[in-house]
Amino acid sequence: MSLREILEHRRAVRKYDATKFVDEEKVKECIRLATLAPTSSNMQLWECYHVTNPEVLKQLATACLGQGSAKTAPQIVVFVTRQDRWKSHADAVLKANIEEINLNSPEERKAHRIAMQEDYYARLMPYNYKRFFGLYGMYRKLVIQTKGMFRPVKRQISEHDMRVVVHKSCALVAQTFMLAMSEQGYDTCPLEGFDSLRVKKILHLPSDCGINMVITCGVRSKGGVRGDRYRLPLSEFYHKV
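Residues numbered from 1 in each chain as written. Predicted model: local features only at pLDDT ≥ 70, side-chain atom pairs only at ≥ 80, totals over all residues. Heavy atoms only, no water.

## So, the packing of aromatic side chains
Alright, step 1. Per the counting criterion, the structure on display carries five aromatic pairs.
Alright, step 2. Their ring planes at 55° and their centres at 5.5 Å tell us that phenylalanine 79 and phenylalanine 177 sit as a pair that is tilted. One end of the pair, phenylalanine 79, is in strand β2 (residues 75-81); the other, phenylalanine 177, is in helix α8 (residues 159-183), with 98 residues separating them in the sequence.
Alright, step 3. For phenylalanine 79, a relative accessible area of 0% gives the class buried.
Alright, step 4. On the basis of an interplanar angle of 70° and a centroid distance of 5.0 Å, the ring pair of phenylalanine 132 and phenylalanine 133 is categorised as edge-to-face.
Alright, step 5. The structure contains a cluster of three or more aromatic residues connected by ring pairs, namely Trp46, Phe79 and Phe177. (Phe/Tyr/Trp six-rings, centres within 6.5 Å; stacked < 30°, edge-to-face > 60°. Helix = DSSP H or I, 4+ residues; strand = E, 2+ residues; numbered from the N terminus. Buried < 20%, exposed > 50% of the residue type's maximum accessible area, 1.4 Å probe, protein only.)

So, in structure tokens, the structure goes:
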């Protein structure tokens, strides 16, 4: 399908056809494609849980408030944020970037570019992502607001702001997954209505991770899509400057 066809095919499906087979490997491949989505500073602070076990699916359906989309889905993918893994991810990205510089950069530029990467991932990322009961975030906010009096700065730097950054990145991954599923001819529905505490318990997740999106997967049944798609006019969203 073309991108236009993929976008037109994707709908939030409320009921799936139990007679239609959904290939687990194809869903896994769509998750792999989702790893190509951009994330802030390439930190990739997310992971997902591909649920196919019938008993776990049943538990998740209950945690998703008994919604029809969850009760009839043959598979569910839960995307979560893992802000706690910032250090290991920063180390991995820095190592990969240095290897790329050593392979592809002109000799006279290597030292400068490596120093920039080390400054960014070994110094700035710890400064941005360290947490201590909100106190680090308050300190960073105070520092950045002071600097902002004299020059443009990135102001979203509190611990809450960084949590939002990680969730935005994870949402890009989830959307990429849904489009990849649509290209395969499968359907999805991103659910906002769920008990996050119960979802974490069912999937044995750490308490400090965030449930970004619960996405049901399958093939739509007759009546699985509620009417024609409605969107407000483009003029409500589009502003040319």
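Having seen the structure, we can now continue with the description.
## Description of the pattern of salt bridges
Alright, step 1. As enumerated under the stated definition, the model contains 10 salt bridges in all.
Alright, step 2. The partner of arginine 123 in a salt bridge is aspartate 119, and the shortest N-O contact between them spans 3.9 Å. Of the two residues, arginine 123 and aspartate 119 both sit in helix α6 (residues 107-129), four residues apart, roughly one turn of that helix.
Alright, step 3. Classification of aspartate 119 by relative accessible area gives partly exposed; the value is 43%. (Salt bridge = Lys/Arg side-chain N within 4 Å of Asp/Glu carboxyl O.)

## Quick look at helix α9 (residues 196-203)
Alright, step 1. The set of residues buried in α9 consists of Val199, Lys200, Ile202 and Leu203. One face of α9 carries all of its buried residues, which in axial projection span an arc of 165°. Of the exposed residues in α9, those oriented more than 90 degrees away from the buried face are Leu197, Arg198 and Lys201.
Alright, step 2. Elements in contact with the buried residues of α9: β1 (46-51), α3 (54-63), β2 and β4 (210-218).
Alright, step 3. Between a side-chain oxygen at the N-terminus of α9 and the backbone nitrogen of leucine 197 the separation is 3.1 Å; the capping residue is aspartate 195.
Alright, step 4. Once α9 finishes, histidine 204 follows within two positions and takes phi at roughly 55°, a positive value. (Arc of directions from axis to C-beta. Contact = heavy atoms within 4.5 Å. Polar contact = N/O pair within 3.5 Å; in protein donor to acceptor, adjacent residues only side chain to side chain.)

In short, the description is geometric, and any link to function would need to be established separately.
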